[in-house]
Amino acid sequence: MGATAYWSERAACRSSDPALFGAAAEQKRAKAVCNGCPVRTECLVEALDNRIEFGVWGGMTERERRALLRRRPDVTSWRQVLEAARIANEQPRATS
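Residues numbered from 1 in each chain as written. Predicted model: local features only at pLDDT ≥ 70, side-chain atom pairs only at ≥ 80, totals over all residues. Heavy atoms only, no water.

Student: Is there a simple way to explain the overall build of the protein chain in this structure?
Tutor: The helix and strand inventory of the protein chain stands at four helices and zero strands. Written out in order from the N terminus, the α and β elements of the protein chain read α-α-α-α. Taking the principal axes of its C-alpha atoms as reference, the protein chain extends roughly 45 × 35 × 30 Å. Within the span of the protein chain, comprising 96 residues, buried residues form 28% of the whole. Residue pairs at least 24 apart in sequence account for 44% of intrachain contacts in the protein chain once pairs closer than 6 positions are excluded. Counting every atom, the protein chain has about 6,800 Å² of accessible surface; 52% of that belongs to carbon and sulfur. Each charge sign in the protein chain was given a centre, from 16 positive and 12 negative side chains, and these centres are 6 Å apart. (Helix = DSSP H or I, 4+ residues; strand = E, 2+ residues; numbered from the N terminus. Buried < 20%, exposed > 50% of the residue type's maximum accessible area, 1.4 Å probe, protein only. Contact = heavy atoms within 4.5 Å. Areas by Shrake-Rupley, 256 points an atom, 1.4 Å probe, with all protein chains shown as cover. Lys, Arg positive; Asp, Glu negative; His and termini not counted. Charge placed at Lys NZ, Arg CZ, Asp CG, Glu CD.)

Set out below in structure tokens:
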């Protein structure tokens, strides 16, 4: 197994109560835990690629993930899409 197989060992939520990430009333708090997580992208990829239907994963609720999957039904690898987006966001912006 590669290093990415163990992404959950570095997750910010690993010591949090799992109920926090499944309860609709706690979604705001759960998403706050995800904000600074070093493996947020890996977590979101796991949820999107495997069509996980419940809970907060990678900072997105199930409703947000369903909407994203509906908008992009052609995506076969969310890892590639999210890494490309990250790289694009890190590119220096051209000044006018």
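Student: How should the side chain of Gln27 be read in this particular structure?
Tutor: Within the element layout of this structure, Gln27 appears in helix 1 (residues 27-35). Taking the relative accessible area as the measure of exposure, Gln27 reaches 16% and is therefore buried. Only 3.3 Å separates the side chain of Gln27 from the side chain of Glu62, close enough to count as a polar contact. Discounting residues that sit within four places of it in the chain, Gln27 has contacts with Val56, Thr61 and Glu62. (Polar contact = N/O pair within 3.5 Å; in protein donor to acceptor, adjacent residues only side chain to side chain.)

Student: Just checking my understanding: could you explain the environment of Val81 for this structure?
Tutor: Turning to its location among the elements, Val81 is positioned in helix 4 (residues 78-90). When the C-alpha atoms of Val81 and Glu9 are compared, they prove to be 23 Å apart, with 72 residues separating the residues in sequence. The residues contacting Val81, other than those within four sequence positions of it, are Arg72 and Val75.

Student: How should the pattern of salt bridges be read in this particular structure?
Tutor: If charged atoms from side chains of opposite charge come close, those side chains can pair. One pass over the full model with this rule turns up four salt bridges. For Arg29, the salt bridge goes to Glu26, with nearest N and O atoms at 2.9 Å. A relative accessible area of 26% means that Glu26 is categorised as partly exposed. Where Arg72 meets Asp74, a salt bridge forms, and the shortest distance between an N and an O atom there is 3.8 Å. Taking the relative accessible area as the measure of exposure, Arg72 reaches 33% and is therefore partly exposed. (Salt bridge = Lys/Arg side-chain N within 4 Å of Asp/Glu carboxyl O.)

Student: When you look at helix 3 (residues 62-71) in this model, what are you seeing that I'm missing?
Tutor: An α-helical turn contains 3.6 residues, so a residue and the one three or four places further along point in the same direction. Listed as buried for helix 3 are Glu62, Arg65, Leu68 and Leu69. Mapping the buried residues of helix 3 onto a view down its axis gives an arc of 125°, with all of them on the same face. Exposed side of helix 3, more than 90 degrees from the buried face: Arg63, Arg70 and Arg71 are the residues found there. In this structure, the buried residues of helix 3 make contact with helix 1, helix 2 (40-49) and helix 4. (Arc of directions from axis to C-beta.)

Student: How do you make sense of the nonpolar core when you look at a structure like this?
Tutor: Nonpolar side chains tend to gather and get buried jointly when the protein is soluble and globular. Judged by nonpolar contacts, Leu44, Leu48, Met60, Leu68, Leu69, Val75 and Trp78 together constitute the single largest core of seven residues. Sorting the residues of this core by element identifies helix 2 and helix 3 as the ones contributing at least two each. Beyond its immediate sequence surroundings of up to four residues, Leu44 is in contact with Trp57, Gly58, Met60, Arg65 and Leu82. (Core = buried A, V, L, I, M, F, W, Y, C linked by side-chain atoms within 4.5 Å.)

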